[in-house]
Amino acid sequence: YPLIGNYGVPDDSVLDEMGLPAYFESSAIQISGLIVSSYSWEHSHWAAQKSLSKWLTDSKIPAIYGVDTRELTKKLREYGTILGRLVVNPTRMEQITPEMFDDPNERNLVGEVSTKSVVVYGSGNSTKILAYDCGMKYNIIRYLVDTHKVELHVVPFDYDLEKNPNKIDWHGLFISNGPGDPTMCPQTIKSIQYALHLENPRPIFGICLGNQILALACGAKTYKLKYGNRGMNQPCIDLRTGRCYITPQNHGFAVDADTLPEGWKALFMNANDLTNEGIVHTNKPFFSVQFHPEANGGPLDTAFLFDKFIGHVRKIPQPLVLQDGRAYTRKTYKKVLLVGSGGLSIGQAGEFDYSGSQCIKALKEEGIEVILINPNIATVQTSQEAKEANRGADRVYFLPIGPDVVMDIIEKENPDGIIVSMGGQTALNVGVELWNSGRLQAAGVEVLGTQIPVIEATEDREIFSAKLKEINETIALSYSATNIKEALKAANKIGYPVLVRAAFALGGLGSGFAANDNEMSALAAKAFASSKQILIDQDLRGWKELEYEVVRDISDNCITVCNMENFDPLGIHTGDSIVVAPSQTLSNREYFMLRSTALKVVRHLGIVGECNIQYALHPESEKYCIIEVNARLSRSSALASKATGYPLAYVATKLSLGRDLVSIRNSVTKTTTACFEPSLDYCVLKMPRWDLKKFKRVSNELGSSMLSVGEVMAIGRTFEEVIQKACRMVNPALDGLEGEDSKLIDDEDLEAQLKTATDTRLFAVQTALEKGWTVDAVHEATKIDRWFLSKLKNIAQMRHAVKSCKNLQKLVSTNGAERLRSLKINGFSDRQIARYLGLSSGLDGESRIRDKRKSLGVIPCVKQIDTLAAEFPAQTNYLYMTYSGDADDLESAQDSSSLAPSYPSYTLRSGDKQMLDPQSEFQQRTQRYGSAPQTLQDAKAKGVMVLGCGAYCIGSSVEFDWCAVSCVRQLRRDGFKSIIVNYNPETVSTDYDESDQLYFEELSLERVLDIYERECPYGVVVSVGGQIPNNLSLSLADSGVTILGTKACDIERAEDRRQFSVMLDNLGLKQPAWSVLTSKDEAHNFATKVGFPVLVRPSFVLSGAAMRVAADETQLRNFLDLAADIAADKPVVVTKFIVNAKEIEFDAVACNGIILNYAIGEHLENAGVHSGDATVILPAQKLYVNTIRQVKLYASAIAKSLRITGPFNIQFMAKDNDVQVIECNLRASRTFPFVSKTLNANFISLATQAMCGLEVEPYRISLLDIDYVCVKAPMFSFTRLRGADPTLGVEMSSTGEVACFGEDAHSAFLKALLSTGFKMPKKTKAILFSIASDPFKLEFLPALQIFKDLGYKCYATPGTTEWYNDAEHDLGIISLDKPDNEDDDGEKTALHAIKAGEIDLVINISEGSIRKEEVTSGYIIRRAAVDFGVSLITNVKCAIMLAECLERGVDYRSTPRHIGEFYQLPIIGGIRRI
């Protein structure tokens, strides 16, 4: 733990029944001094009576903080245990002499701490134990007396047992722990030798020093370890069984097992350094262990050894302990089917790409053939490239994930096993259904890892509760219900308020809090739409929420890998809560109490692999209850893997194959076992990322149903550092954690904003603290732990202190280096400090702070994530940067003295770049960062830095992680050192074996420059991570960084709407009429001139943020305000919106302005639907030859003008063979994995080679000759976004995507549609049509006729019914009334039909309508469809395509084909790929 003093010290005056201090292990502090990295001056815990500082002061024990304890640990590891001296703030370095050091090795430490007289505990108990006190911990006394009811005679270490002056009657002998060299206890050794040679041997048990004394007494030898084994997580193997236990230890000497005499054997062995951990006599009741089975708090995994000892004493036959033979009968598997998670959605996102990729890697290492079903084309796990065959699945099926399709694949592939624990709830539900139907068993397919009945026990609340009762554990008061009547009865039995949840649902889908019967009925109705069973739970809001990640193997080895604490109290879904690892406000006792429960529960359930257990802990006591157990890989698993460096999915896969934890190696150290619990000498914070502002009518209140679309993870060594880092990661526009300056909080009702959990409450908390609210007042309003709030208060106070300085000179005038270092240790960015001091905004002010800081020697150091807190050498490239340290864990690429710039970096601004010719700009760079690479080999050695995608959000998701991973893998294949920077724990790119150096760090200008200056790479790739790195390009270039590929100034010309539009005009390329906003009136005049509708477009934004189609002047003015807020100082352009145009995607790679390869895809929907929300068909099926020709000509002209080198994407619109340019992105787009996998040609690999200056050969692709089609469909999360209108527009709203292959567009479309969760309408139910405008009604007429002809029952709203039932058409549609409001659900209304389950599909086309009542009633119908699980289509083109699929009888269940079979289809006229 890097942060010390968090929970204070309990009351030392409280005594237990034996008169011992209840919370302590001895009567005094046994150390001479304490050295910590970071000390918490404010503690927070209900049991604390004083601070750690006060306790140490009272005991006259010196302590210092601010020391790089990691570096100190490395020194001890290297040189061994050494003598030390604490000197606080010395004025000068003293002359070092031997007399200055007190050498404890020269003292008989045991003699100093041993009791001076015989003490008896548990007097009158029949079993009598004599215990040698060599420094015995009180918990040993408690264990023997309280737990085992013995009469314990504690004697001094030099008590002569043979003479036995006190005439003690003893049945067994115990030798305690103690300090120092065991050879300095000759009297103890002599007495033990006497006991060993008694004619009738009596049981002997030794602990720690007792192990060494017993060894010496039997004739063996001991030796001093170089470093010793310290800590609470030493893995020890029981040599009788092979089981591995986590043990607490603190010793510097060990037994030499090779010197044990005949009749003695080693009993335990350290799994890491293989030193002896225990000895046993082969035929007499003598044994000892080097660790503490009884450690106060824990772990207590080996407490059974006390049972064994007392059993020997009481002559109770001990059970025969045998090795588990399953390790030798492990079944081998040849082929395994892995079920993926499908498209990304809220609650089930990129974490399953990471876990699935790890799973595939583990299976391939075992030589197993891997079959994958996953329609998510954007993921790394669905990549299947010949050059990466050792990483990818052997065959990938892009098909809808459902029981029938999975069985079709099983029948075709005949796998031995199936893994359903790596694909979220989607995969799990498929596995459960196939198992319960008996189809898996009939096919002879084994479920690997945790078995289905165990999974069901964790998912079904009643079974789960019964299972926990069997081991005396409890869940929160909870009942299940299968109908609303049962739900109401359960709620009243528990008492309102209650939590309502859907069973077998992910991310709290269908859940919420109900305060009365009405709310209960409404919530239950919606929850039943997604599950047959719902759960009604006791409301525990305000309790602490905690999680443990637990791993168990088939041999019952069981460990907790990571524990995490929610910043927010219970009541907010953990996916929407800030999460901290390790927990910061639990006492040691609470931590191990919950850990012990976790192991007990997981063992009792029979989980094999990895799982997650969640607790609610009362904030004022040790009362707790179990919330749930997830018997699969989860979002938390990915976070825990990245937080600790322990690859949970990889290890869980190995365990599912029957491997045991002991035999698997720690992937980081490469030398130690995977059966260990990681040590964290740093703090990790996960912060969610929301996109709620994109959706009208969606409340930003947080509750039990998850709303976040992504998350970030910050690593540092203080809490202040990580929470400020995380704020910048989540929102690059923020400079850190600020309240008033964030502009996110309305000052009017601050208390209400504190009491209500929302996506901005953190900033409300910070505002309150900045305004002078006390920690107690904020705690009362939020129930957030005071410890967290005290850290935020510290940030607020430091902000105030800096602002009061008013200028840089005053800030650094005295102790400048220490002041700046203190700010940096607490997470303040250069940009933040510059703003507080009134320096100019942007690069100028930030650079002045940077240069001053560096001139004072205040630079960050690089630390490793090594899983064992530097106690063992780590072969890891997993890195983070912090100012809480004095030394780097890795050597820098250059001497730090050269880090000071040779010119002030703030003099080179974007406005000055035209003054520099390319040669002088290049010289500036080389001056600053050392010599440029002279040869290709030099460039490869220097390496390439790749900037990743950051947090997943709407518009930037897993597709950009695929791009980054593809780039890094190509760099490594080409021999370049690869350095990746990213902070998203859900990604494959942040897996430390993907790159040569992984920096889990901010994608800010400041941090990228820090890493760049340290690594001195050949250059930086900004074009594969989406908009965040792309937006950094100009600032990086202006700071002297070499941008690989397209130049930063050309990137700006494409991103800046004004510059790009001017360029198109100069090139003579058509675009919609446009105007740059200078005033609202001018924009209105333009719109009047070209005619409404018009499109408002900000610059430098992703996913069409703030992009809107304005149909009239009022909308235009409102949208301009929004765009101005989003775009800040960047131009906002207004363009004419072209109605009924076709949109075309052009993805390509160019080199020096010449296009190497391209792909042309068409949108099924007309222009007006954001490209990320559109259904895209590749190759394009319905484009005119002349349209394609124009697209290629336009693209070539743009590529040449922008001098593009690398990936780019252009969006065109075409109407009546007339092509116009919409926009150009000089970076990889979200469609790059789609086109690359469709064409079997990795565009990013090609772009990477081009950007690195290598010779590139284009792929030979003939789009016209490809004999299959791939359709990409969007994945929405409207079910979770309560109140959101599920319609499509120019601002993106999808959270993921899927894609499927087919012989034609209709086949691929239907598979893709079903892969999004769309349910096909049944003829036993009806379809509801509501179409707003007459042109759409006319266009849809043939499709409606198809539905009628196929026998579907057709309902429609009155206007639609009237149009289709007129004399001309007479289709016999049944009319349903439109709802006037959300409660208008009378018998003949559309709302009633939806709620009653009469309707299977709603086709609601509202595009083009501006009639308010249509929008309102249409919204209610659409929203009801989503809320009640009814399939919904809102685009006329998609609705027509579905009708055509049904008419053609398209069979998505036809013999499944994997992607390789499509690649192998015969083609005409050319080779698709070399």
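Residues numbered from 1 in each chain as written. Predicted model: local features only at pLDDT ≥ 70, side-chain atom pairs only at ≥ 80, totals over all residues. Heavy atoms only, no water.

K.L.:
Could you clarify how one ought to interpret the pattern of salt bridges in this entry?
P.N.:
Side-chain pairing between opposite charges can occur once the charged atoms of the two side chains come close. On inspection of all chains with the given rule, the structure shows 85 salt bridges. In this structure, Lys361 and Asp993 form a salt bridge, with 2.1 Å as the shortest nitrogen-oxygen distance. Note that Lys361 is positioned in helix H8 (residues 351–365) and Asp993 in the loop between strand S36 (978–982) and strand S37 (997–1000), a separation of 632 residues in sequence. According to the relative accessible area criterion, Lys361 is partly exposed, its value standing at 24%. By relative accessible area, Asp993 is classed as partly exposed at 25%. Where Lys694 meets Glu1291, a salt bridge forms, and the shortest distance between an N and an O atom there is 3.1 Å. Of this pair, Lys694 sits in the loop between strand S31 (683–689) and strand S32 (710–716) while Glu1291 is found in the loop between strand S48 (1269–1275) and strand S49 (1296–1302), placing the two residues 597 residues apart along the sequence. By relative accessible area, which is 13% here, Glu1291 ends up buried. Several salt bridges converge on common partners, so that one network encompasses Asp735, Glu738, Glu740, Asp741, Glu770, Lys771, Arg799, Lys803, Arg831 and Arg835. (Salt bridge = Lys/Arg side-chain N within 4 Å of Asp/Glu carboxyl O. Helix = DSSP H or I, 4+ residues; strand = E, 2+ residues; numbered from the N terminus. Buried < 20%, exposed > 50% of the residue type's maximum accessible area, 1.4 Å probe, protein only.)

K.L.:
Would you mind going over unusual backbone geometry with me for this structure?
P.N.:
With glycine set apart, most residues show a phi of negative sign, and most peptide bonds adopt trans. In this chain, Tyr496 is followed by Pro497 through a cis amide linkage whose omega measures -5°. Looking at where Pro497 falls in the secondary structure, it is placed in the loop between helix H14 (484–494) and strand S23 (498–502). Following Ala581, the chain continues to Pro582 via a peptide bond in cis, the omega torsion being -10°. As for its position among the elements, Pro582 is in the loop between strand S28 (579–581) and helix H16 (588–605). Unusually for a residue other than glycine, Cys208 sits at a positive phi of about 60°. Among the structural elements, Cys208 can be located in the loop between strand S11 (204–207) and helix H6 (209–218). Given a relative accessible area of 2%, Cys208 falls into the buried group. Within the chain, Asn1152 stands out as a residue other than glycine whose phi angle is a positive 55°.

K.L.:
What should I look at first to understand helix H32 (residues 1027–1038) in this one?
P.N.:
Given 3.6 residues per turn, any residue in an α-helix points the same way as the ones three and four places further on. Of all twelve residues in H32, nine are buried, a share of seventy percent or more. Turning to H32, its buried residues are Gln1027, Pro1029, Asn1030, Leu1032, Ser1033, Leu1034, Leu1036, Ala1037 and Asp1038. Note on H32: the residue one or two positions beyond its end, Gly1040, has a positive phi of about 95°.

K.L.:
Looking at this structure, how should I read the sheet that holds strand S30 (residues 624–630)?
P.N.:
Strand order in this open sheet of seven strands is S30-S29-S26-S27-S28-S31-S32, and the pairing throughout is antiparallel. Two strands bound the open sheet, and with one partner strand each, they are S30 and S32. Along the sheet, successive strands turn relative to each other by an average axial angle of 25°, direction set aside. Set on the sheet, helix H17 (residues 635–644) makes contact with strand S26 (544–552), strand S27 (558–566), S28, strand S29 (609–617), S31 and S32; between it and S27 the angle comes to about 100°. (Pairing = 2+ DSSP bridges. Axes fitted to C-alpha atoms, helices over the stretch in contact; angles between N-to-C directions. Contact = heavy atoms within 4.5 Å.)

K.L.:
Before we go on, may I ask you to explain the packing of aromatic side chains in this structure?
P.N.:
Each aromatic ring pair is characterised by the separation of its centres together with the angle its planes make. Going through the model one piece at a time under the given rule, you end up with 43 aromatic pairs. Summarising the aromatic geometry, the rings of Phe1146 and Phe1212 are spaced 6.4 Å apart at their centres and angled 90° between planes, so their arrangement reads as edge-to-face. Here Phe1212 lies in strand S46 (residues 1206–1215) and Phe1146 lies in strand S43 (residues 1142–1151), a separation of 66 residues in the sequence. The burial state of Phe1146 is the same as that of Phe1212; both residues are buried. These aromatic residues form a ring-pair network of at least three members: Tyr143, Phe174, Phe205, Phe287, Phe306 and Phe309. Lying over the aromatic face of Tyr354, Lys642 brings its terminal NZ or CZ to 3.9 Å of the ring centre. (Phe/Tyr/Trp six-rings, centres within 6.5 Å; stacked < 30°, edge-to-face > 60°. Lys NZ or Arg CZ within 6 Å of the ring centre and 35° of its normal.)

K.L.:
Sorry if this is basic, but what is going on with the environment of Ser1171 here?
P.N.:
Looking at the element boundaries, Ser1171 is found in the loop between strand S44 (1154–1166) and strand S45 (1176–1178). Look at Ser1171 and you get buried, because its relative accessible area is 5%. As for Ser1171 and Gly1289, which are separated by 118 residues in sequence, their C-alpha atoms are 9.6 Å apart. Among the polar contacts listed, one links the side chain of Ser1171 to the side chain of Gln1211, at a separation of 3.4 Å. (Polar contact = N/O pair within 3.5 Å; in protein donor to acceptor, adjacent residues only side chain to side chain.)

K.L.:
What exactly am I supposed to notice about the packing of helix H9 (residues 403–413) against helix H10 (residues 424–436) here?
P.N.:
The geometry of a pair of packed helices is captured by two quantities: the angle between their axes and the separation between those axes. Two elements in contact, H9 and H10, have axes separated by 9 Å at closest approach and are oriented at 75°. Between H9 and H10, the interaxial angle falls into the category roughly perpendicular. Residues Pro403, Val406 and Met407 of H9 pack against Val430, Glu433 and Leu434 of H10. Residue composition of the contact of H9 with H10, by class: five nonpolar, no polar and one charged. (Parallel < 35°, antiparallel > 145°, perpendicular 65-115°, else oblique. Nonpolar A, V, L, I, M, F, W, Y, C, P; charged D, E, K, R; others polar.)

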